[in-house]
Structure formats: structure tokens, C-alpha cells
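# Survey of secondary and tertiary structure
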Amino acid sequence: MRFTHPGYKIASLVAALFVVAACSSTPESAPTGGSTGAASAYAPGSQEDLAANAGDSVFFDLDQYNLKPEGQSTLQAQAAWLAKYPAVTLTIEGHCDERGTREYNLALGERRANAARAYLISLGVDANRLQVISYGKDRPFAVGSDEGAWAQNRRGFSRVN
Amino acid sequence: MTRKFFSLSREGRRAARALALGLALSLGGALALNGPALAQSSVVVQDGRREAIPIAVPNFAGGDLGRQIAEVISADLERSGLFKPIPAGTFPQSPDQLQAQPAFPSWRGAGADALVAGKVVPQGGKTAFEFRLWELNSEQQMTGTAFTADTANWRRVAHIIADTIYNKLTGDTGYFDTRVVYVSESGPKNRRVKRLAIMDQDGANHRFLTSGKDLVLTPRFSPRDQTITYMSYFNDKPRVYLFNIDTGQQEVLGDFPGMTFAPRFSPDGNRVVMSMARDGNTDIYGIDLRTRKFNRLTTSPAIDTSPSFSPDGSQIVYNSDQGGSQQLYVMSAGGGGGKRISFGDGRYATPVWSPRGDYIAFTKMKGGRFMIGVMKPDGSGERILTESFLDEGPTWAPNGRVIAFFRQSPGASGSVKLYSVDVTGFNERLMPTPLDGSDPAWSPLNP
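All figures in this text were calculated on a predicted structure; none of them were measured in a lab. (Residues numbered from 1 in each chain as written. Chains lettered and ligands numbered in written order. Predicted model: local features only at pLDDT ≥ 70, side-chain atom pairs only at ≥ 80, totals over all residues.)

What follows is about the overall build of chain B. When helices and strands are tallied, chain B shows six helices and 32 strands. Taking as baseline every contact in chain B between residues at least 6 positions apart, the subset at least 24 positions apart corresponds to 46%. (Helix = DSSP H or I, 4+ residues; strand = E, 2+ residues; numbered from the N terminus. Contact = placed C-beta atoms within 7 Å.)

This is the structure we're talking about:
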């Protein structure tokens, strides 16, 4: 598998950790930089910060747009992170794997991005801070043609504007 | 509407196009137009497949230009799969000898059923092009034409001659004097540069229409003028645009609050249908290009996309997952409920109505494979024409006999190429492009 977004591996690990943090209602306790050597590499409120401390991606099953529990956890972390940086706005990108037709995938990507957006709004994030865009199958993260790559590409990616 | 389009006489359209070319069209009496109606006599149909007609296309008299014209005509006819040009080495006469009088028995002896004889003569900065088509068994002239054109237009003249030959020998309208607009692709899959590009159907006169700065997708020709509708991510706002090929002018189509995509013109060129996605729901809208008023054609909470008009403009076939999986539906062009027409095993997408009206072409997904197929507008008679890891996006040549599509091979370095295939499923051909290519759209016959 080839990951083209450098934040991905870290993001998925940190997102998994953050399920615990979010459930214990202490997301604000996350480091905002400076507490460790690695964390100081990015600015507070940046894309890298989101990836490291909340997770920037949620993943979907084949031809589906319903959020999975892992995705909901990531979005809960994103909502907490957004509460900490009220000036930050996000564009949620909807992505699909290559095993669909281009036009249908544009619509499916829009559905996925909106599923993530709606969930963030339900968690109290101001709708005006959340835009969506769909790339369908035209901006894949993993460039291989196997199930591992396709799973990576069925994604809602939160881009810090 | 469509009936009118297709019943407009061949010669009438030819004359109209010739005028646009700046041709002084003179159908010379000396050429004794239109011999007996032999047109269909050379066509043998076997199992739905036409036997290729052996034809001799020797160089036209008149030097290099005469040779080039013959090469383009011969290549057009060969690529259609319906003709088999006989090898030049077997030609019994030189172009000049042929101009004097065809030696019919010798040409028959060389294996040809039909013979093309022509010449080019410089005429005050322009060129006079003349050709005759001979049916060799009857030794009858089937057609003959002479016209004068700017020499620079010689490729178009060759395609028009090839269209005439195709029409006379198969009975179908030709499709060689056409272009293909498509998306040229380069770079790695995750940062693909996509540019609109246009070329003649044989790959000549290729040029790029956009710079590659913005992601562009799914161009489609207007059936009536030099306009393309397509989707662009200009300014991070994915919207449907119009592009004027002559002027290069681009404009966003409509002021929609959400992403617009999957555009296609109506047969009269006055409307564009497209999808708009908003808040997770995708419906089909129509926009009148004269008033810019739009109306919503579907209202389901499902994904409704990829609309395509019937050639008479009365119906729209589209793709919807309202039943749970992607299937094809037909509705009135005014909207309202759709009637499902695809019932085979698998998912169906990208329906495109043939300009003839007899078939709907589609992409089918089944068992991890992608196929191009056709079915009748009522959903019966499904036939699969091609299959691979990923075949997608059929588009019809204006005569409704040939389909172009794109084929992607798997993997990080997989290629994406344009292909054509006969509606019978035979004669699959690579359509050469300078770089990779996807989303082809065939033009109508050139104006």
C-alpha cells in the first residue's frame, strides 16, 4: 500500500487513542505543541495539528456513506478540536475508490462528505464553518488497485482552510 | 426533431458543410452522379457482423497531396472495420492511367469489389478535388464529386470523401468528418493533471483546450454548435461550464448552490441537463440556455445522475440508486417518475442514448469487472460489447454505429486510454492520443 498523505498513519493511530480521550470528556487536555518534540513541528490549529490530535479522515465501506463507529469517534475528536480553535474552518472532501463510475462517484463522495458534516453539526459545530467538496474517484490517496488501497480512498478528508 | 435531423438529405447537409468549409462545391455533370442503386449490394451480413468490403484506394493523381488524401481515406475506411483496403502492391494501374479509364477486370483480379479514383489539381491558391467511386462487378460509377477547397482543408475533404464512400457502400451515414473531445491525463494518479483536448476522430489536429491548472471532467459536445459543456473545479467550486471551441470563451452554467456535474445537451442544443448535489442528495436539473431558467426533474432522496436525452428530445435516460443499487431509468424530459429499464445481474451506469434512437449504451459493473454494453430503450436485448478491469463512459459516433469509451488498467502506473468499438461488439480499436485519455465525447458531423 502506498500512502500519499503523510499525515495518514499518524492520524489513524492518534484517532484511535482519542476515542478514549473523547469519551472521558477531556479532549481539551490534548497538547497544543511544545509538550513533546514531535508536537512542536506544527502550528496550533493547522492541518498537521488536526491530523495529529484529532484525525483528519473517516473511512467508509464499499458503496456506503454511513459513518462507522471509528469514523464517529474521529469526528467527535474533530468537533472537540474545532471547539479549541474557533477561527478554523474546514472543507470536508468526499472521496471514493476507483471501482465505480465517475459521475456516480462524484455524488457518492458528496454524500460521504455530507455525512461527516452533518455529524459534526450534530455535535455542535457551527454549520458555517464546514464546507464540503466531492472529488469522486479523481483524487485518490492510495494509488494501488487492491482492496487495501480502495479502503484508503473511500474517505471523508477534513481539510483546514 | 431527430427524425428531421436524420432525414435531412445527405446532399443538403453536404452542401451546407461545404459552404462552411469555404468550398465552391460543384457537382460536375461530367462525373455522372449516382449510378444505379447498388449501395447495399456489396454488404453481406453474417451473424450481425458485416463482412469487410475489399476496396482499392489508390493514390489520387496529383503528387504528394494526392497520396496523402488517399492515405487518410483508406485509413478511415479500414478503421471502421467495414472495409478491407487491398494492398497497394497489387494495384494494376497508376493513378494517371486510372484517370484515363479504369481497367475493371484487372482491379477485380486484384481482389477489390470497389475502386476509388480521384485527382487533385491546384487552382489559384486552392485545390480542386475530384473523386469517383466504382462498383467493380457492374463496372458502374456509384458516385462522383468535384469540389474546390482551400488546400489546407485537405484532411476534411478526405474525411468527407470517406464518409461518402462509407454511405454508398454500407447504406449508413458516415462519421469520419467528426472530432472527439476528451480529457487528456498525465502525472501520478493522486495528482493527475487533466486537460480538455480535442482532435479529429483519426487523432489528427490534436490540441489542448485548457491549461491543466483546474481539474476538468466529462466534456460533451453540443449537437448544434461549437460548444462543449463540461465540469471544472475552477476556484475549488465544482460546477458545470460551457466552452466555446471557436472563441475559447468559458462560462459557468447557472448559479447553483451545490456541486453541478454530469452535463449533457438536449438534441436541439437549447438545453443542458445535469446533476446537482447538495446536502447529500443528488437530483437532475434542466437549464434552458436561452433563458437560463432551470427546473428540477427528479426529487428522490437517491442519487440521480448521468442524464441523456432520447434523440427526439422527449425522454431522458439516467442513472439512479433509488432501488438500492445503481440502475438505469427512463423518464419524460419534463421530469416526473422514472421507469426502471435495467434488470440484469450487476450495476448499471452512464447511460447514453444512441443518436439513432435504437439503443442505449451503458457501463456495467459485475463481478469486479467493468463492461460497455447496449440495450434497447425498453431494456430488452442487452448485449455486452467490451470488458476489462475498468471500461467506462460510452459515447456514440453520430451515425449510431460506433461507440468510443475509455479503458483504465490497474495499478499505480496503470494507463487510461480511449478505445472505439462497433455496436456489434467487433472491431475494438485503440484511439491514439499523445498522453493518456478519458471521458471521450464524439462530436456530431462537422458543420
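It is worth spelling out the overall build of chain A at this point. The secondary structure content of chain A amounts to five helices and four strands. Helices (α) and strands (β) of chain A occur, in sequence order from the N terminus, as α-α-β-α-β-α-β-α-β. Within chain A, contacts between residues separated by at least 24 positions form 72% of all contacts whose residues are at least 6 apart in sequence.

Before going further, it helps to spend a moment on the pairing of strand S29 (residues 402-408) of chain B. Residues and elements named next belong to chain B. Across the seven residues of S29, seven count as buried, placing the element largely inside the fold. Burial along S29 is two-sided: Val 402, Ala 404, Phe 406 and Gln 408 and Ile 403, Phe 405 and Arg 407, pointing in opposite directions, are all buried. Examined bridge by bridge, strand S28 (residues 391-396) and S29 share four bridges and lie antiparallel to one another. Within the sheet, the bridge partner assigned to Glu 392 lies in S29 and is Phe 406. Here S28 folds back onto S29 in antiparallel fashion, the turn holding five residues, of which Gly 400 has a positive phi close to 70°. For S29 and strand S30 (residues 416-422), the ladder comprises seven bridges, and the chain directions are antiparallel. (Buried ≥ 20, exposed ≤ 12 C-beta atoms within 10 Å, placed from the backbone. Pairing = 2+ DSSP bridges.)

Two pairing modes exist for strands in a sheet, parallel and antiparallel, and in both the strands are linked by backbone hydrogen bonds. Residues and elements named next belong to chain B. Strand order in the open sheet formed by four strands is S28-S29-S30-S31, with antiparallel pairing between adjacent strands. The open sheet has two free edges, formed respectively by S28 and strand S31 (429-431), since each of these has just one partner strand. Adjacent strand axes in the sheet meet at a mean angle of 35° when their direction is disregarded. The pairing of S30 with S31 spans three bridges and is classified as antiparallel. Its bridge partner being in S31, Ser 420 is matched across the sheet by Arg 429. (Axes fitted to C-alpha atoms, helices over the stretch in contact; angles between N-to-C directions.)

Another point: the domain arrangement of chain B. Residues and elements named next belong to chain B. If you check the domain split of chain B, you get domain 1 (2-170) and domain 2 (179-442). Each partner contributes residues to the interface: domain 1 has eight residues there, and domain 2 has 12 residues. At three residues, the largest contribution of residues to the side of domain 1 that touches domain 2 is made by helix H3 (residues 63-79). Residue classes in the side of domain 1 that touches domain 2 are distributed as one nonpolar, three polar and four charged. (Domains from an automatic or database assignment. Nonpolar A, V, L, I, M, F, W, Y, C, P; charged D, E, K, R; others polar.)

A few words on the confidence of the model for chain A. Looking at chain A, the pLDDT average stands at 83 and 75% of residues meet or exceed 70. Below a pLDDT of 50 lies the segment residues 1-39 of chain A, which in the model reaches 64 contacts outside its immediate sequence neighbourhood of four places, other chains included. (pLDDT = per-residue confidence, 0-100.)

Here we take up the packing of helix H3 (residues 69-84) of chain A against helix H4 (residues 102-122) of chain A. Residues and elements named next belong to chain A. Relative to each other, H3 and H4 sit at 55°, their axes nearing to 9 Å. Between H3 and H4, the angle falls in the class oblique. In terms of crossing hand, the pair formed by H3 and H4 is right-handed. Across the interface between the two elements, Gln 72, Leu 75, Gln 78 and Ala 79 from H3 touch Ala 116, Tyr 119 and Leu 120 from H4. Per-class residue counts for the contact of H3 with H4 are five nonpolar, two polar and no charged. (Parallel < 35°, antiparallel > 145°, perpendicular 65-115°, else oblique. Left-handed = near helix turned anticlockwise from the far one by under 90°.)

With that out of the way, let us pick up the interface of chain B and chain A. Listed per partner, the contact involves 32 residues of chain B and 23 residues of chain A. Breaking the side of chain B that touches chain A down by element, the ones donating at least two residues are strand S12 (216-221), strand S16 (259-265), strand S17 (271-278), strand S20 (304-309), strand S24 (347-353) and S28 of chain B. Ranked by residues supplied to the side of chain B that touches chain A, first place goes to S16(B) with three residues. Tallied by class, residues from the side of chain B that touches chain A come to 13 nonpolar, 14 polar and five charged.

Right, let's get into H3(B). Taking 1.5 Å of rise per residue, 17 residues should cover 24 Å, and H3(B) covers 25 Å from first to last C-alpha, within 8% of that figure. Positive backbone phi, at 80°, marks Gly81(B), one or two positions downstream of H3(B). (Expected span 1.5 Å × (residues − 1).)

All names here are of chain B. Taken N-terminus to C-terminus, the directions of H3 and helix H6 (residues 154-170) make an angle of 45°; their axes are 9 Å apart at the nearest point. Between H3 and H6, the angle falls in the class oblique. As H3 packs across H6, the resulting crossing turns out to be right-handed. Along the contact surface, H3 presents Leu 65, Gln 68, Ile 69, Val 72, Ile 73, Asp 76 and Leu 77, while H6 presents Trp 154, Arg 155, Val 157, Ala 158, His 159, Ile 161, Ala 162, Ile 165 and Tyr 166.

Residue and element names in this part refer to chain B. Here chain B shows a mean pLDDT of 90. Residues at 70 or above account for 89%. This stretch, residues 1-16, has a pLDDT under 50; its non-local contacts, to residues over four places away or in other chains, come to 11 contacts. Here residues 18-47 is a poorly scored stretch, pLDDT under 50, and it has 54 contacts once near neighbours within four places are set aside; other chains count. Predicted complex metrics record ipTM = 0.90 and pTM = 0.88.

A few words on the sheet that holds S17(B). If you trace the four strands from one edge of the open sheet to the other, you get S16-S17-S18-S19 (chain B), paired in antiparallel fashion. Looking at which strands have only one partner, the edges of the open sheet turn out to be S16 and strand S19 (294-296) of chain B. Strand-to-strand twist in this sheet, taken as the mean axis angle between neighbours without regard to direction, amounts to 30°. By the bridge criterion, three bridges tie strand S18 (residues 281-288) of chain B to S19(B) in an arrangement that is antiparallel. Note that in S19(B) the partner of Gly286(B) across the bridge is Asn295(B). With respect to the sheet, H4(A) is in contact with S16, S17 and S18 of chain B, its orientation differing from that of S16(B) by roughly 160°.

Attention now goes to the pairing of strand S9 (residues 179-186) of chain B. All names here are of chain B. Taken across its eight residues, S9 has seven buried, putting it largely inside the fold. Following S9, the chain reverses through six residues before pairing antiparallel with strand S10 (residues 193-200); Gly 187 in that reversal takes a positive phi of roughly 90°. As paired strands, S9 and strand S32 (residues 436-442) are joined by five bridges and run antiparallel to one another. Each residue of the ladder has a partner; that of Ser 184, found in S32, is Gly 437.

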